[in-house]
Amino acid sequence: MLGRLNDLLGMIKFSHTLFALPFALLGAVLAAHTPEGWQGRPRDWIGILLCMATARSAAMAFNRLTDRRIDALNPRTAMRHLPSGQLSVASVVLFTLICIVVFVASTLLFLPNPWPLRLSVPVLLWLLGYSYAKRFTSLAHVWLGVALMLAPVAAWIALRGDLAWPPVLLGLAVLFWVSGFDMIYACQDADFDREAGLHSIPARFGVRRALRLAALCHAVMIVALIALGWSYPLGRVYFVGIGAVALLLAYEHALVRPDDLTRVNIAFFQVNIAISMGLLAFGVLDLLT
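The model shown is predicted, which means the values in this text are computed figures rather than measured ones.

In this structure the tally under the stated criterion is 8 salt bridges. The partner of D71 in a salt bridge is R80, and the shortest N-O contact between them spans 3.4 Å. If you follow the salt bridges from partner to partner, you end up with D67, K134 and R135 in one network.

Shown next as structure tokens:
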């Protein structure tokens, strides 16, 4: 059983929860920090962690289910757990359903705030819908960006029960950050996507233009982060963090060239985790000082 669970967590790349979780936590920290002091019950923070982990796990498992035949045809993904037979379809379906049930149940922790429960199904539909986006639109990267954008926005709503500019601006930063790095990652499959009839920015416009659009997205991300710092407002430590994020993004784009995609995984995984964790650290430190 432990081996099967390890395979399931490997299939959904559970460690990559670090992409979105820090932004959800930053959104929650911004919501919890008020002029009257810190607010938020321990159960609220547990709810945020549970919702983040289970929503992402459900979305990733569902994506692996819907893409299993496509993955089997792609040399880069043919050895994933479902195409290679390491996991059965039935076990992944069961895992997905369990994650969905736990996600919806976790929103009850935020009661008497009813909004997390009310929004749980629409959020799930958007997350699961991403798995079909590349079948009909080249903007699948943006769909994924919106999916992760929901994390800080939802965390704010869960704690405060309303919506304001700070979580929206943080969400926009996440939207353009994710859209940009997903375009970079998709460059690896540009030729395969064209042959398979799948849609992506690299498949439609070519790798060189895709990398330029990714850089533009990341420039907009920095603008959104600056706007967040002004509107909240945040202090010097946070803006130092933005500078560090900008340097990491520049390094990410320096790693990948149209004629050399061998370092995409370094750019995608290591640099982006440093960006999300680093911004959370700078943001929390700024509020504590």
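Our next topic: a nonpolar patch on the surface. On the surface, V89, V93 and L97 cluster together into a nonpolar patch covering about 220 Å² of accessible area. Its location among the elements puts L97 in helix α5 (residues 89-106). For L97, a relative accessible area of 49% translates into the label partly exposed.

Position of R56 relative to the elements: it lies in helix α3 (residues 42-66). Despite its burial, R56 pairs with no opposite charge; the closest candidate is D182, at 11 Å N-O. A polar side-chain atom of R56 sits 3.1 Å from the main-chain carbonyl oxygen of K13.

Below, the discussion takes up the environment of G47. Tracing the backbone shows G47 in helix α3. A relative accessible area of 0% means that G47 is categorised as buried. Counting along the chain gives 59 residues from G47 to S106, while the straight-line C-alpha distance between them is 5.6 Å. Apart from residues no more than four positions distant in its own chain, G47 is found in contact with S106, L109 and F110.

What counts, and where the lines are drawn
Residues numbered from 1 in each chain as written. Predicted model: local features only at pLDDT ≥ 70, side-chain atom pairs only at ≥ 80, totals over all residues. Heavy atoms only, no water. Salt bridge = Lys/Arg side-chain N within 4 Å of Asp/Glu carboxyl O. Patch = residues over 30% accessible without salt bridge, like charges linked within 9 Å, V, L, I, M, F, W, Y side chains within 5 Å. Areas by Shrake-Rupley, 256 points an atom, 1.4 Å probe, with all protein chains shown as cover. Helix = DSSP H or I, 4+ residues; strand = E, 2+ residues; numbered from the N terminus. Buried < 20%, exposed > 50% of the residue type's maximum accessible area, 1.4 Å probe, protein only. Lys, Arg positive; Asp, Glu negative; His and termini not counted. Polar contact = N/O pair within 3.5 Å; in protein donor to acceptor, adjacent residues only side chain to side chain. Contact = heavy atoms within 4.5 Å.

Take it as geometry only, folks, not as evidence of what the structure does.
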